Amino acid sequence: CDSDWSGPTGERIVSDCCWGRSKALVSSFGTFHSLLVFACGSLASLILKSIFLYSIYQTHESLHYKRKLSWIDSDSFKSHLFTSISLPTEEKRGVFATYYNQKTFIAAIGMTLFYKTVMGFDNLAVGYAKSSSDISIFTIGVLRSYGSLAGMLGVISYSLIEKRVGLINAGFVGLIIQQVFSLIAVSTIWISGSPFFEKNSEEGHSVFLFLTAIATARYGLWCLDLTITHSMQIHIPETERNTVFGFHMSLCQAFSVPKELLVIVFPEPSQFYLYILSSYLCVTVGQLLFCIYARNIRSQ
């Protein structure tokens, strides 16, 4: 169960949830029974996914479009091609130029900054919790599962919020929630039990609050994440989506590398506050870029 980004929005939530459940199951029932549960769950998930995809394909005629085109005569096909598909008339641009010239460029860059953070309940946060407190693996697994649940609720809530208050306002809802709980996570640096001030303390009050805060912040993170992704899908021309989204995901992965490198420079748990502060700075700058994008969109 890898917690790294591996696909479309939502897969990372499922992956994180898998990690949290695995820790809890292994601690309670042992490795063999835990693997058996996940094997059965994976098989059931694969079957359900196949059923749902087949059902969607059968109930949406537009998905049969390419198959039907093969039965159209060449003259009719050419007529349909030039009246229904907008072919690019501009000269071909480089990958970055294509990415840069999109209306959503500022918001997309803001989204990449969300990857330069340890407040996403990744392995660095887990390592910090274990090395600087007496919190059990089971508790960490439960908290990470809670974070995954908060992310799922954010995804579900987004569709409801977006319909009621609009796309951009849905993003602001997520932004506010993420910012509030990110501030709580930052405040744990000065709370009793923080390894920054009490190197020999293992009470875990500061660390537990930190993990709870970043887990809850995932609700807002996914609301904002989906808002930006949805905006990109709306504004990016269909002929450029593969190029833009491919480059965008590569950029997101690139921004996740620096936080791993910082471990080499600052390996001590008492120095983890540097990760927290730098992460909060990146998250806040990313949110500010989204605000600039929202202002530009509303002014057009």
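Residues numbered from 1 in each chain as written. Predicted model: local features only at pLDDT ≥ 70, side-chain atom pairs only at ≥ 80, totals over all residues. Heavy atoms only, no water.

### A few points about the overall build of the protein
Helix and strand counts for the protein stand at 13 helices and zero strands. Listing each helix as α and each strand as β along the protein from the N terminus yields α-α-α-α-α-α-α-α-α-α-α-α-α. Across the 300 residues of the protein, 40% fall into the buried class. Partitioning the contacts of the protein with sequence separation of at least 6, the portion at a separation of at least 24 is 77%. Counting only carbon and sulfur atoms, one obtains 65% of the accessible surface of the protein, whose full area is about 16,800 Å². (Helix = DSSP H or I, 4+ residues; strand = E, 2+ residues; numbered from the N terminus. Buried < 20%, exposed > 50% of the residue type's maximum accessible area, 1.4 Å probe, protein only. Contact = heavy atoms within 4.5 Å. Areas by Shrake-Rupley, 256 points an atom, 1.4 Å probe, with all protein chains shown as cover.)

### Some thoughts on the nonpolar core
Counting 24 residues, the largest nonpolar core has Met119, Phe121, Phe210, Leu211 and Ile214 as its most contacted members. Looking at this core, the elements with two or more residues in it are helix 7 (123–132), helix 8 (137–165), helix 9 (167–187), helix 10 (205–235) and helix 13 (272–299). With six residues, the single largest contributor to this core is helix 10. Beyond its immediate sequence surroundings of up to four residues, Met119 is in contact with Ser182, Ala185, Phe210, Ile214, Ile276, Ser279 and Tyr280. Within the second largest apolar cluster, 20 residues are counted, among which are Ala107, Ile228, Met232 and Ile236. (Core = buried A, V, L, I, M, F, W, Y, C linked by side-chain atoms within 4.5 Å.)

### Describing the side chain of Gln178
Take Gln178: it is sitting in helix 9. Residue class for Gln178 comes out buried when judged on its relative accessible area of 5%. Dropping the residues within four chain positions of it, Gln178 is found in contact with Phe114, Ala217, Gly220, Leu221, Leu224, Val283 and Gln287.

### Points about the packing of helix 9 against helix 10
Two quantities define a packed helix pair, namely the angle between the helix axes and the distance between the axes. Contact geometry of helix 9 with helix 10 gives a least axis separation of 7 Å together with a crossing angle of 155°. Compared by their axis directions, helix 9 and helix 10 come out roughly antiparallel. The hand of the helix 9/helix 10 crossing is left-handed. Counted by class, the contact of helix 9 with helix 10 contains 17 nonpolar, eight polar and no charged residues. (Axes fitted to C-alpha atoms, helices over the stretch in contact; angles between N-to-C directions. Parallel < 35°, antiparallel > 145°, perpendicular 65-115°, else oblique. Left-handed = near helix turned anticlockwise from the far one by under 90°. Nonpolar A, V, L, I, M, F, W, Y, C, P; charged D, E, K, R; others polar.)

### Digging into the packing of aromatic side chains
To describe a pair of aromatic rings, you give the distance between the ring centres and the angle between the ring planes. Taken as a whole and judged by the stated rule, the model has 11 aromatic pairs. Ring plane angle 10° and centroid distance 4.0 Å describe the contact between Tyr128 and Phe272, whose orientation is recorded as stacked. With Tyr128 in helix 7 and Phe272 in helix 13, this residue pair connects regions lying 144 residues apart in the sequence. Both residues of the pair, Tyr128 and Phe272, belong to the buried class. Plain terms: the ring middles of Phe272 and Tyr275 are 5.0 Å apart, the flat faces sit at 45° to each other, and that makes the pair tilted. Of the two residues, Phe272 and Tyr275 both sit in helix 13, three residues apart, roughly one turn of that helix. Per residue, the accessibility class of Phe272 equals that of Tyr275, and both read buried. (Phe/Tyr/Trp six-rings, centres within 6.5 Å; stacked < 30°, edge-to-face > 60°.)

### Regarding the packing of helix 10 against helix 13
Running from N to C, helix 10 and helix 13 point in directions that differ by 30°, and their axes come no closer than 12 Å. One way to sum up the angle between helix 10 and helix 13 is to call them roughly parallel. As for how helix 10 packs across helix 13, the hand of that crossing is left-handed. Residues Phe210, Leu224, Thr227, Ile228, Ser231 and His235 of helix 10 pack against Phe272, Ile276, Gln287, Phe290, Tyr293 and Ile297 of helix 13. Here the contact of helix 10 with helix 13 is composed, by residue class, of eight nonpolar, four polar and no charged.

### Let's talk about the environment of Lys103
Relative to the helices and strands, Lys103 resides in the loop between helix 5 (95–100) and helix 6 (105–113). Once the C-alpha coordinates of Lys103 and Tyr293 are considered, the two residues, 190 residues apart in sequence, prove to be 8.3 Å apart.

### Things to note about the UniProt feature "transmembrane region" (unreviewed entry) in the protein
Those places that UniProt annotates as "transmembrane region" (unreviewed entry) correspond, in this numbering, to residues 35–57, 105–129, 135–160, 172–193, 205–224, 245–266 and 272–294. From the first C-alpha to the last, residues 105–129 spans 36 Å; its make-up is 64% helix and 0% strand. (UniProt positions renumbered as here; feature names shortened; annotations may be inferred.)

### Details of helix 8
Compared with the 42 Å implied by 1.5 Å per residue over 29 residues, the 40 Å span of helix 8 between its first and last C-alpha is a close match. Ser157 marks the point of greatest bend in helix 8, at about 30°. Those residues of helix 8 lying buried are Ile140, Gly141, Leu143, Arg144, Gly147, Ser148, Ala150, Gly151, Gly154, Ser157, Tyr158 and Ile161. Where helix 8 ends, the next residue or the one after it, Gly166, has phi of about 100°, a positive value. (Expected span 1.5 Å × (residues − 1). Bend = angle between axes of the 7 residues up to and from the residue.)

### A closer look at the side chain of His248
Here His248 lies in helix 11 (residues 241–255). Note on His248: relative accessible area 1%, which makes it buried. Separated by 2.9 Å, the side chains of His248 and Tyr99 make a polar contact. (Polar contact = N/O pair within 3.5 Å; in protein donor to acceptor, adjacent residues only side chain to side chain.)

### Structural notes on the confidence of the model for the protein
The predicted coordinates of low-pLDDT regions are not to be read in fine detail. Here the protein shows a mean pLDDT of 80. Residues at 70 or above account for 78%. Confidence over residues 1–14 falls short of pLDDT 50; this stretch has 28 contacts with residues more than four positions distant or in other chains. Below a pLDDT of 50 lies the segment residues 67–90, which in the model reaches 10 contacts outside its immediate sequence neighbourhood of four places, other chains included. (pLDDT = per-residue confidence, 0-100.)

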